[in-house]
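# Observations on chain architecture
In case you want the letters, here they are:
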Amino acid sequence: MLSYQHIFHAGNHADILKHFVLFQVLNSLNKKEKPYTFFDTHSGSGLYDLLDSRSLKTGEAGKGIIQLLTSTKNDEKTFGSELFSQFLSFIESYTSKNLYPGSPEIERKFMRPQDFLILSELHPQEIENLKKNIYEEENSPKIKIHRRNGWEMLNALTPPATKRGAVLIDPSYEETADYIDAAHTICSVHKKWSNGIIMLWYPLLVHRESDIEGMLNEICSFAKSQNQNIEICDFRLCAYSKEEKNLPRLYGSGMLVLNSPWKLKEETEGLLEYIKNGISSQFQTEKTF
């Protein structure tokens, strides 16, 4: 939907889950020297100013990543997760400058010169911001930016010549069609690119529960019909309990991963409660007013 702009939500609890999973997948792909291709179907601006009036209006970064960084500042353990510590350090290198890196910036920074990064964005202002923010440097991957429907782009360009690779899909879900398009596109792409890692971010919304579960069931059922032994992970970070009064519209989010890399499930599941606790003090403060 062309009215959606991620600047209002950059750095919120949903971004924390999405970007930590992305961080781990990139780390896994980088373990082999062979090049890979990464697709980002709904790229947004790629980089966000946390002092922008739209970000300040919602305050979601303050309740999300800023709160998490503050609460973990004096915690050297982070449950023994070196990757999570590296992730937080990387994010803090931006937040210390009042910026937040979107998924294209994370991809640009962690992919290698031999890799290929393909970005797609349809919003007229977002695509201009993306072209300004995401550019090739000496050690960057080869980058292509398309002003194109993300579903159409992914279907048209897969499987990639490199064979190895992954895709991040995170539409706005402001329209019912996004749930349908996500399921249909992922099934189509997985059928012809069976070894590609597919990551789907999705919102947790009480009024959309049937759409969400229907989408996930269709994807997982199809993937298992192609390969009964496929590794599938489904992570959910619930920032709020559904039983709470005055429940926010977005009470949490999830990440579905097909062809999940080794140890992704163990590393992520062990940190979901830690992340929730790291941001929960902000939520508790809100309730006192």
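### Here we look at the pattern of salt bridges
Tallied over the entire structure, the rule returns 13 salt bridges. As a salt-bridge pair, Glu209 and Lys242 come within 2.6 Å of each other at their nearest N and O atoms. One end of the pair, Glu209, is in helix α10 (residues 209–226); the other, Lys242, is in the loop between β8 (232–238) and β9 (252–258), with 33 residues separating them in the sequence. Take Glu209: its relative accessible area is 32%, and that puts it in the partly exposed class. The partner of Arg236 in a salt bridge is Glu213, with the nearest N and O atoms 2.9 Å apart.

### Some details on the pairing of strand β5 (residues 142–146)
Examined bridge by bridge, strand β4 (residues 116–120) and β5 share 5 bridges and lie parallel to one another. Note that in β5 the partner of Ser120 across the bridge is His146. Each parallel crossover has a hand, and for β4 linked through helix α7 (residues 124–133) to β5 it is right-handed.

### Overview of the confidence of the model for the protein
Summary statistics for the protein give a mean pLDDT of 91 and a share of 93% for residues scoring 70 or more. Predicted confidence for residues 281–289 stays below pLDDT 50, and this span has 10 contacts to residues more than four positions away or in other chains.

### A short note on the packing of helix α1 (residues 13–29) against helix α6 (residues 103–110)
Angle between the axes and distance between the axes: these two values describe a pair of packed helices. α6 packs onto α1 with a crossing angle of 20° between their chain directions and a minimal axis gap of 10 Å. Considered as vectors, α1 and α6 are oriented roughly parallel to each other. By crossing handedness, the relation of α1 to α6 is classed as right-handed. In contact with His19, Leu22, Phe23 and Leu26 of α1, α6 contributes Ser103, Ile106, Glu107 and Phe110.

The rules we used
- Residues numbered from 1 in each chain as written.
- Predicted model: local features only at pLDDT ≥ 70, side-chain atom pairs only at ≥ 80, totals over all residues.
- Heavy atoms only, no water.
- Salt bridge = Lys/Arg side-chain N within 4 Å of Asp/Glu carboxyl O.
- Helix = DSSP H or I, 4+ residues; strand = E, 2+ residues; numbered from the N terminus.
- Buried < 20%, exposed > 50% of the residue type's maximum accessible area, 1.4 Å probe, protein only.
- Pairing = 2+ DSSP bridges.
- Right-handed = clockwise from strand over helix to strand, strands pointing away.
- pLDDT = per-residue confidence, 0-100.
- Contact = heavy atoms within 4.5 Å.
- Axes fitted to C-alpha atoms, helices over the stretch in contact; angles between N-to-C directions.
- Parallel < 35°, antiparallel > 145°, perpendicular 65-115°, else oblique.
- Left-handed = near helix turned anticlockwise from the far one by under 90°.

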